Amino acid sequence: MQTKINERENTILSFKPTLKEDHKGLEKRIRKLKISVVFNLIVTSLAVGAIIVSILLGLFDYEFLIWEKSALLVLLSVSFMLNLPNQWYELKLSKHLKNINSISDFKGLDALNLGLKILIEKINNRWKNAWIELVLGVIIMLMVFVKMIYDSNNPYWNYMKLPVVLFYGIVLVRFMSRNKKLNENIKETEKYCA
């Protein structure tokens, strides 16, 4: 008979990984994910920060970071930002999987398991639950390619500031909401660690 903790482990294992899974153990996977998340976080923060600064400086006619020349940086930031939340969740879930080895079933675990299952299903099904970010991301990437191909002959590039900021905002708000739910679920479960 499958215990509730086994159900939780199976739910965690149903998370679609962002990196190719290697079967060399959970510890190595966690180390690999930490490196990947730190790298991705640094690159994303620098790229998004530079884009936001270029938009803000453009409002005041400064020519330090120029929006018209930031197409490649926008592409980099969008691609990294689409992947960062899932890598973050995967790292949290992998650490949680390691920590629940010493837990036995307890009252209320069913509800926590159900909450985790619903959350993981939402994260796994990106086309259904994150279609706004994906559509905005594709539109932004297409405009970046048009900007890079036609360079200065693209009058629409200036209008991409709002979709880019909107994209960042939606991804950030959705990440904060899901991360909060995931943290609460994990924290409530790990209270019972021996």
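Just so it is clear, the model here is predicted, and its values are computed rather than measured.

Quick word on the overall build of the protein
So, point 1. A tally of helices and strands in the protein yields seven helices and zero strands.
So, point 2. Starting at the N terminus, the α and β elements of the protein follow one another as α-α-α-α-α-α-α.
So, point 3. Expressed as lengths along the three principal axes of its C-alpha atoms, the size of the protein is roughly 65 × 30 × 25 Å.
So, point 4. Within the protein, buried positions represent 40% of all 194 residues.
So, point 5. Looking at the protein alone, contacts between residues at least 24 apart form 81% of all its contacts between residues at least 6 apart.
So, point 6. Carbon together with sulfur atoms contributes 64% to the accessible area of the protein, which is approximately 11,800 Å² in total.
So, point 7. Charge centroids of the protein, computed over 27 positive and 17 negative side chains, lie 2 Å from each other.

Some remarks on empty space enclosed by the protein
So, point 1. In this structure the tally under the stated criterion is one cavity of 30 Å³ or more.
So, point 2. Roughly 170 Å³ of volume is contained in the largest cavity.
So, point 3. Taken together, 14 residues make up the lining of the largest cavity; nearest its centre are Pro85, Arg126, Ala130, Glu133 and Arg178.
So, point 4. The set of elements that each furnish at least two residues to the lining of the largest cavity consists of α3 (71–99), α6 (131–150) and α7 (161–190).
So, point 5. Of the residues forming the lining of the largest cavity, the biggest block, five residues, is contributed by α3.

A word on a positive patch on the surface
So, point 1. Taken together, the side chains of Lys24, Lys28, Arg31, Lys34 and Lys95 present a region of like positive charge at the surface.
So, point 2. For the positive patch, the leading source of residues is helix α2 (residues 26–59), giving three residues.
So, point 3. Examined against the element boundaries, arginine 31 turns out to sit in helix α2.
So, point 4. By relative accessible area, which is 47% here, arginine 31 ends up partly exposed.

A word on the packing of α3 against α7
So, point 1. At a minimum axis distance of 11 Å, the contact between α3 and α7 shows a crossing angle of 0°. Here α3 is positioned roughly parallel relative to α7, judged by the angle of their axes.

Quick word on the pattern of salt bridges
So, point 1. If you walk through the whole model with that rule in mind, you get four salt bridges.
So, point 2. When the shortest N-O distance is used, the salt bridge between arginine 174 and glutamate 133 registers 3.2 Å. With a gap of 41 residues between them, arginine 174 in helix α7 and glutamate 133 in helix α6 connect regions that are remote in the sequence.
So, point 3. Here lysine 191 makes a salt bridge to glutamate 188, at a shortest N to O gap of 2.9 Å.
So, point 4. Take lysine 191: its relative accessible area is 54%, and that puts it in the exposed class.

Details of α2
So, point 1. Taking 1.5 Å per residue, 34 residues should reach 50 Å; α2 reaches 48 Å between its end C-alpha atoms and fits that length.
So, point 2. Phi turns positive one or two residues past the end of α2, at aspartate 61, with a value near 60°.

Re the environment of asparagine 86
So, point 1. For asparagine 86, the position within the fold is in helix α3.
So, point 2. Accessibility expressed as a relative area gives 10% for asparagine 86, which makes it buried.
So, point 3. Discounting residues that sit within four places of it in the chain, asparagine 86 has contacts with Phe15, Thr18, Ile123 and Arg126.

Concerning a nonpolar patch on the surface
So, point 1. A cluster of nonpolar side chains, namely Leu72, Val138, Leu142, Phe145, Val146, Met148, Ile149 and Tyr150, defines an oily patch on the protein surface of about 790 Å² accessible area.
So, point 2. A relative accessible area of 55% means that leucine 72 is categorised as exposed.

Structural notes on the packing of aromatic side chains
So, point 1. Counted according to the given criterion, the structure contains four aromatic pairs.
So, point 2. Between the aromatic rings of tryptophan 88 and phenylalanine 175, the centroid separation amounts to 6.0 Å while the plane-to-plane angle is 80°, which identifies the pairing as edge-to-face. Of this pair, tryptophan 88 sits in helix α3 while phenylalanine 175 sits in helix α7, and the two are 87 residues apart along the sequence.
So, point 3. Since its relative accessible area comes to 27%, tryptophan 88 is described here as partly exposed.

Cut-offs applied
- Residues numbered from 1 in each chain as written.
- Predicted model: local features only at pLDDT ≥ 70, side-chain atom pairs only at ≥ 80, totals over all residues.
- Heavy atoms only, no water.
- Helix = DSSP H or I, 4+ residues; strand = E, 2+ residues; numbered from the N terminus.
- Buried < 20%, exposed > 50% of the residue type's maximum accessible area, 1.4 Å probe, protein only.
- Contact = heavy atoms within 4.5 Å.
- Areas by Shrake-Rupley, 256 points an atom, 1.4 Å probe, with all protein chains shown as cover.
- Lys, Arg positive; Asp, Glu negative; His and termini not counted.
- Charge placed at Lys NZ, Arg CZ, Asp CG, Glu CD.
- 1 Å grid on protein atoms, 1.4 Å probe; cavity = no way out; pocket = protein on both sides within 12 Å on 5 of 7 lines; lining within 4 Å.
- Points joined across faces, edges and corners; volume = space filled by probe spheres on them.
- Patch = residues over 30% accessible without salt bridge, like charges linked within 9 Å, V, L, I, M, F, W, Y side chains within 5 Å.
- Salt bridge = Lys/Arg side-chain N within 4 Å of Asp/Glu carboxyl O.
- Axes fitted to C-alpha atoms, helices over the stretch in contact; angles between N-to-C directions.
- Parallel < 35°, antiparallel > 145°, perpendicular 65-115°, else oblique.
- Expected span 1.5 Å × (residues − 1).
- Phe/Tyr/Trp six-rings, centres within 6.5 Å; stacked < 30°, edge-to-face > 60°.

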